[in-house]
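Now for the letters of each chain:
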Amino acid sequence: MRTFSTVEGLPVLSISTGKECGHVVDLCYENGLVTGFLIDPKGWFAKHLFLPVNHITSIGPDGVMVKDYYALQPLSKKEKHAFHLKHGKHRLHGTALLTAEGEKLGLLEDVYFLEEVGTIVGYEVTEGLVADLVEGRRVVKSDSKLTIAGGRAILTE
């Protein structure tokens, strides 16, 4: 189990060539699963690429390993409009997280996922800087579906 914050910024490395393919900049999310990562490739005018979870060989403390560069794909319309953790129109970072009973748990800060299958198993929430310093961030473990709309994310059964 790992958090996206431990993966963000890691280089993506090709096992076949040993070359760096880019860096992880965001996580793509759909129906309780991490579908892949947005990769910022090297180059001034290069566009973000999509790295599907099933093309990742391993994730280590110093890099995300792929078989070869061809595991990275141009962003399709689906990935462009998918939910992302940090960037884009449909980002989850900073979204209010509520229970199905209407209790606000805090603002979504990070996600916990199983790297082998991409299943999201928990959410890290914050109630602000002062609360983080005094109490620390809270981890909400959940296998519930997340309904996202109108700047809110609701954990449903």
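Quick note: structure is the one above.
Rules and cut-offs
Residues numbered from 1 in each chain as written. Predicted model: local features only at pLDDT ≥ 70, side-chain atom pairs only at ≥ 80, totals over all residues. Heavy atoms only, no water. Helix = DSSP H or I, 4+ residues; strand = E, 2+ residues; numbered from the N terminus. Rg over C-alpha atoms; globule rule 2.2 N^0.38 Å. Buried < 20%, exposed > 50% of the residue type's maximum accessible area, 1.4 Å probe, protein only. Contact = heavy atoms within 4.5 Å. Pairing = 2+ DSSP bridges. Phe/Tyr/Trp six-rings, centres within 6.5 Å; stacked < 30°, edge-to-face > 60°. Patch = residues over 30% accessible without salt bridge, like charges linked within 9 Å, V, L, I, M, F, W, Y side chains within 5 Å. Areas by Shrake-Rupley, 256 points an atom, 1.4 Å probe, with all protein chains shown as cover. Salt bridge = Lys/Arg side-chain N within 4 Å of Asp/Glu carboxyl O. Polar contact = N/O pair within 3.5 Å; in protein donor to acceptor, adjacent residues only side chain to side chain.

**Student:** How do you make sense of the overall build of the protein chain when you look at a structure like this?
**Tutor:** Looking only at helices and strands, the protein chain has three helices and 15 strands in total. Compactness check: the protein chain gives a C-alpha radius of gyration of 16 Å against a globular reference of 15 Å for 157 residues, within 12% of the reference. Dimensions of the protein chain, computed from the C-alpha atoms along their principal axes, are close to 50 × 35 × 30 Å. The 157 residues of the protein chain split such that 44% are buried. Partitioning the intrachain contacts of the protein chain with sequence separation of at least 6 by distance along the chain shows that 40% fall at a separation of at least 24.

**Student:** I'm lost on the pairing of strand 7 (residues 63-66) in this one. Help?
**Tutor:** Consecutive residues of a regular strand have side chains that alternate between opposite faces of the sheet. Direction of pairing for strand 2 (residues 11-14) relative to strand 7: parallel, over a ladder of three bridges. Directly across from S14, in strand 7, lies its bridge partner V66. In the sheet, strand 6 (residues 56-60) pairs with strand 7 via four bridges, with the strands oriented antiparallel. Directly across from G60, in strand 7, lies its bridge partner G63.

**Student:** How do you make sense of the packing of aromatic side chains when you look at a structure like this?
**Tutor:** Taken as a whole, this structure holds three aromatic pairs when the rule is applied. Ring centres 6.3 Å apart and planes at 80° place the aromatic pair Y69 and Y70 in the edge-to-face group. A relative accessible area of 40% means that Y69 is categorised as partly exposed. Members of the aromatic cluster, each reached through a chain of ring pairs, are F4, F37 and F113.

**Student:** Help me understand a nonpolar patch on the surface in this model?
**Tutor:** A grouping of L129, V130, L133 and V134 is seen on the molecular surface, where their side chains present a nonpolar patch of about 480 Å² in accessible area. Tracing the backbone through its elements, the reader meets V130 in helix 3 (residues 129-135). Here V130 falls in the exposed class, since its relative accessible area comes to 61%.

**Student:** Help me understand the environment of F45, please; the structure alone is not making it clear to me.
**Tutor:** Along the polypeptide, F45 turns up in the loop between strand 4 (33-40) and strand 5 (49-52). Relative accessible area serves as the criterion here: at 81%, F45 is assigned to the exposed category. Here the alpha-carbon distance between F45 and I59, two residues 14 residues apart in the chain, equals 27 Å.

**Student:** What should I look at first to understand the side chain of T3 in this one?
**Tutor:** For T3, the position within the fold is in strand 1 (residues 2-3). A polar atom in the side chain of T3 sits 3.0 Å from the side chain of S5. Beyond its immediate sequence surroundings of up to four residues, T3 is in contact with D110, V111, Y112 and F113.

**Student:** What is the right way to look at the environment of V121 in this model?
**Tutor:** Looking at the element boundaries, V121 is found in strand 12 (residues 120-126). Judged by its relative accessible area of 24%, V121 falls in the partly exposed class. Taking the C-alpha atoms as reference points, V121 and D62, separated by 59 residues in sequence, lie 23 Å from one another. Residue contacts for V121: discarding those within four places in its chain leaves M1, Y112, F113, L114, V140, K141 and S142.

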